[in-house]
Amino acid sequence: MKVTVIGVGYVGLVSGVCLADVGHQVACVDKDVDKIALLNNGETPIFEPNLKDLIKTNIAAGRVTFTTSLAEAVSGAEVILFA
């Protein structure tokens, strides 16, 4: 399922990455350019056990993307979550 998560704070980031880890295509979007750049480099702005590894694994598998473009993130989404 194609899922969009709007907001990559504590709730949105963890939810989005976990949804990707169980096999969904997830686009995470946020207006914070620095946060999105950090995530695209496999880093995390928050601490949650194993989150960094899950981010890296799911980026490599192509199941999660991070963007500042709302239009790009919601294109074709079957589910949109606001966090």
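Residues numbered from 1 in each chain as written. Predicted model: local features only at pLDDT ≥ 70, side-chain atom pairs only at ≥ 80, totals over all residues. Heavy atoms only, no water.

Asks: Requested: an account of the overall build of the protein, with residues and values cited.
Replies: Looking only at helices and strands, one finds four helices and four strands in the protein. Taken from the N to the C terminus, the helices and strands of the protein come in the order β-α-β-α-α-β-α-β. The C-alpha radius of gyration computed for the protein amounts to 11 Å, which stays within 12% of the reference 12 Å derived for 83 residues, consistent with globular compactness. Taken over the C-alpha atoms alone, the protein extends approximately 30 × 25 × 20 Å along its principal axes. Buried residues in the protein amount to 31% of all 83 residues. At a minimum sequence separation of 6, the contacts of the protein that also span at least 24 residues come to 64%. A total of about 4,500 Å² of accessible surface is found on the protein, and carbon and sulfur atoms cover 57% of it. Of the charged side chains in the protein, 6 are positive and 9 negative, and the gap between their average positions amounts to 1 Å. (Helix = DSSP H or I, 4+ residues; strand = E, 2+ residues; numbered from the N terminus. Rg over C-alpha atoms; globule rule 2.2 N^0.38 Å. Buried < 20%, exposed > 50% of the residue type's maximum accessible area, 1.4 Å probe, protein only. Contact = heavy atoms within 4.5 Å. Areas by Shrake-Rupley, 256 points an atom, 1.4 Å probe, with all protein chains shown as cover. Lys, Arg positive; Asp, Glu negative; His and termini not counted. Charge placed at Lys NZ, Arg CZ, Asp CG, Glu CD.)

Asks: Lay out the nonpolar core in plain terms, naming residues and giving numbers.
Replies: Membership of the largest hydrophobic core comes to 15 residues, with the highest contact counts inside it found for Leu-13, Val-26, Cys-28, Leu-39, Ile-55 and Phe-66. Looking at this core, the elements with two or more residues in it are β1 (2-6), α1 (10-21), β2 (25-29), α2 (33-40), α3 (51-60) and β3 (64-67). The element contributing the most residues to this core is α1, with three residues. Other than its neighbours up to four places away in sequence, Val-26 contacts Val-3, Val-5, Gly-16, Leu-19, Ala-20, Arg-63, Val-64 and Thr-65. (Core = buried A, V, L, I, M, F, W, Y, C linked by side-chain atoms within 4.5 Å.)

Asks: Pulling in residues and values, what's your account of the environment of Lys-35?
Replies: The topology assignment puts Lys-35 in helix α2. Put simply, Lys-35 and Ser-15 are 20 residues apart on the chain and 16 Å apart in space, counted from C-alpha to C-alpha. If we ignore the near neighbours within four places in the chain, the residues touching Lys-35 are Val-8, Gly-9, Asp-30 and Pro-45.

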